[in-house]
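Report on the structure
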Amino acid sequence: MERTLSIIKPDGVARGLTGEVIKRFESNNIKIIAMKMISMNLAQAEGFYAVHKKRPFFSSLTEFMSSGPCVTMVLEGENVIAKNRELMGATDYREAKEGTIRRDFATDIEKNIVHGSDSPESASFETGYFFNSFEIVG
Ligand code: ATP
Ligand code: MG
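Nothing here was measured: the structure is a model prediction, and the numbers come from that model.

What follows deals with the environment of Thr 127. Residue placement: Thr 127 occurs in helix H7 (residues 120–130). A sequence separation of 121 residues divides Thr 127 from Ser 6, and the C-alpha atoms of the two residues are 8.8 Å apart. Beyond its immediate chain neighbours, meaning those up to four positions away, Thr 127 contacts Thr 4, Leu 5, Val 74 and Ile 136. One polar contact links the side chain of Thr 127 to the main-chain carbonyl oxygen of Ala 123, over a distance of 2.7 Å.

Take a look at the structure:
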């Protein structure tokens, strides 16, 4: 069993897509074992995306991620890191496959509705960034 961190980004929450994203996880046999709504300040968003510090889009991305509430979840299942990224679709929604969350709803390469951990190492760091052990069920 694997775990991964999912975030419904500020655009997804503001556009009322929280239920839609959760439905996609549940209907694809992905178990939600922790969930909460958070509102990051800039420093917290910078800490979360520290791996992207040198990228040209870092300041825009961290401003966006701290612009409003996000819903963050820990997902559990077999191969759930890859499975979640498959459901999300490519970073750039124009390259994402039909039927993926980003293809269906994203409007922008940055404002792309969801985040998902990309490796066991990032899943472990990112899960611990938002949740302590008492908040994770299972
Ligand atoms: P995420 O980490 O959010 O799940 P990802 O792994 O598909 O997305 P990354 O390369 O890790 O993509 O980029 C992190 C986030 O930074 C993207 O989801 C997007 O919001 C933003 N981003 C990535 N590339 C660009 C870009 N070229 N211009 C603007 N924003 C970008
Ligand atoms: Mg990433």
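For ligand 1, the set of nearby residues contains 14 residues, the closest of which are Lys 9, His 52, Thr 91, Glu 110 and His 115. Side-chain polar atom of Tyr 49 to an oxygen atom of ligand 1: 3.0 Å apart, as the coordinates give it. Contact distances for ligand 1 include 3.1 Å between an oxygen atom and a side-chain N or O atom of Arg 85. The protein chains hide 81% of the 570 Å² of surface that ligand 1 would expose on its own. Broken down by secondary-structure element, the contributors of at least two residues to the shell around ligand 1 are helix H5 (80–88) and strand E4 (114–116). Split into classes, the residues belonging to the shell around ligand 1 amount to five nonpolar, five polar and four charged.

Let's shift gears to the sheet that holds strand E1 (residues 2–8). Strand order in the open sheet formed by four strands is E2-E3-E1-E4, with antiparallel pairing between adjacent strands. Edge strands, defined here as strands with exactly one partner in the open sheet, are strand E2 (31–38) and E4. Taken pair by pair, the neighbouring strands of this sheet meet at an average axis angle of 20°, ignoring direction. Strands in contact with helix H2 (residues 18–27) are E1, E2, strand E3 (70–77) and E4; relative to E3, the strand with the most contacts, it is inclined by about 5°. Along the sheet, H5 makes contact with E1, E3 and E4, crossing E1 at roughly 30°.

Position of Ala 123 among the secondary structure elements: in helix H7. Along the primary structure Ala 123 and Asn 29 are separated by 94 residues, whereas in three dimensions their C-alpha atoms are 19 Å apart. Beyond its immediate chain neighbours, meaning those up to four positions away, Ala 123 contacts Arg 3, Thr 4, Ile 81 and Ser 117.

What follows deals with the packing of aromatic side chains. Each aromatic ring pair is summarised here by two numbers: the centre-to-centre distance and the angle between the ring planes. Going through the model one piece at a time under the given rule, you end up with five aromatic pairs. When the ring of Phe 48 is compared with that of Phe 130, the centres are 5.3 Å apart and the planes differ by 35°; the resulting orientation is tilted. In this pair, Phe 48 is assigned in helix H3 (residues 42–48) and Phe 130 in helix H7, connecting sequence segments 82 residues apart. Judged by relative accessible area, Phe 130 falls into the buried class, the value being 11%. Aromatic rings pair up to connect Phe 48, Tyr 49, Phe 125, Tyr 129 and Phe 130 into one cluster. Sitting above the plane of the Phe 131 ring, Lys 36 keeps its charged end 4.8 Å from the centroid. The ring of Phe 64 carries the charged tip of Lys 111 above its face, separated from the ring centre by 5.1 Å.

Calculation rules
- By convention here, each chain's residues receive numbers from 1 onward along its written sequence.
- Whichever chain is written first becomes A and whichever ligand is written first becomes 1, with later ones labelled in order.
- Local features in a predicted model are, by the rule used here, given only for residues with pLDDT of at least 70; side-chain atom pairs are given and counted only at 80 or more, and totals for whole chains, interfaces and linings are based on all residues.
- Only hydrogens and water are set aside when side-chain values are computed; all heavy atoms of the structure are taken into account.
- Secondary structure elements are taken from DSSP: a helix is a run of H or I of four residues or more, a strand is a run of E of two residues or more, and numbering for both begins at the N terminus.
- Only heavy atoms matter for contacts: two residues are in contact if any of them lie within 4.5 Å across the pair.
- We define a polar contact as two N or O atoms separated by no more than 3.5 Å, with the added condition that, inside protein, one atom must be a possible hydrogen donor and the other a possible acceptor, whereas residues neighbouring each other in sequence contribute only through side-chain atom pairs.
- Here, proximity means that at least one heavy atom of the residue falls within 4 Å of the molecule or strand.
- Note on areas: these come from Shrake-Rupley sampling with a 1.4 Å probe, and a residue is covered only by the protein chains present in the view.
- Any residue outside Ala, Val, Leu, Ile, Met, Phe, Trp, Tyr, Cys, Pro, Asp, Glu, Lys and Arg is labelled polar, Gly included; the first ten of those are nonpolar and the last four are charged.
- Two strands qualify as a pair provided DSSP detects at least 2 bridges between them.
- Axis definition: a line fitted to C-alpha atoms, limited for helices to the stretch in contact. Angles are taken between N-to-C directions and run from 0 to 180 degrees.
- Centres within 6.5 Å make a pair out of two Phe, Tyr or Trp rings, where for Trp the six-membered ring is used; the pair is then stacked when the planes are under 30 degrees apart, edge-to-face when over 60, and tilted otherwise.
- Buried, partly exposed and exposed residues are distinguished by accessible area as a fraction of the type maximum, computed with a 1.4 Å probe on protein chains only: under 20%, between the cut-offs, and over 50%, respectively.
- We count a charge as sitting over a ring when the NZ of a lysine or the CZ of an arginine lies within 6 Å of the ring centre and within 35 degrees of the ring normal.

By themselves, these are just geometric observations and shouldn't be taken as functional.
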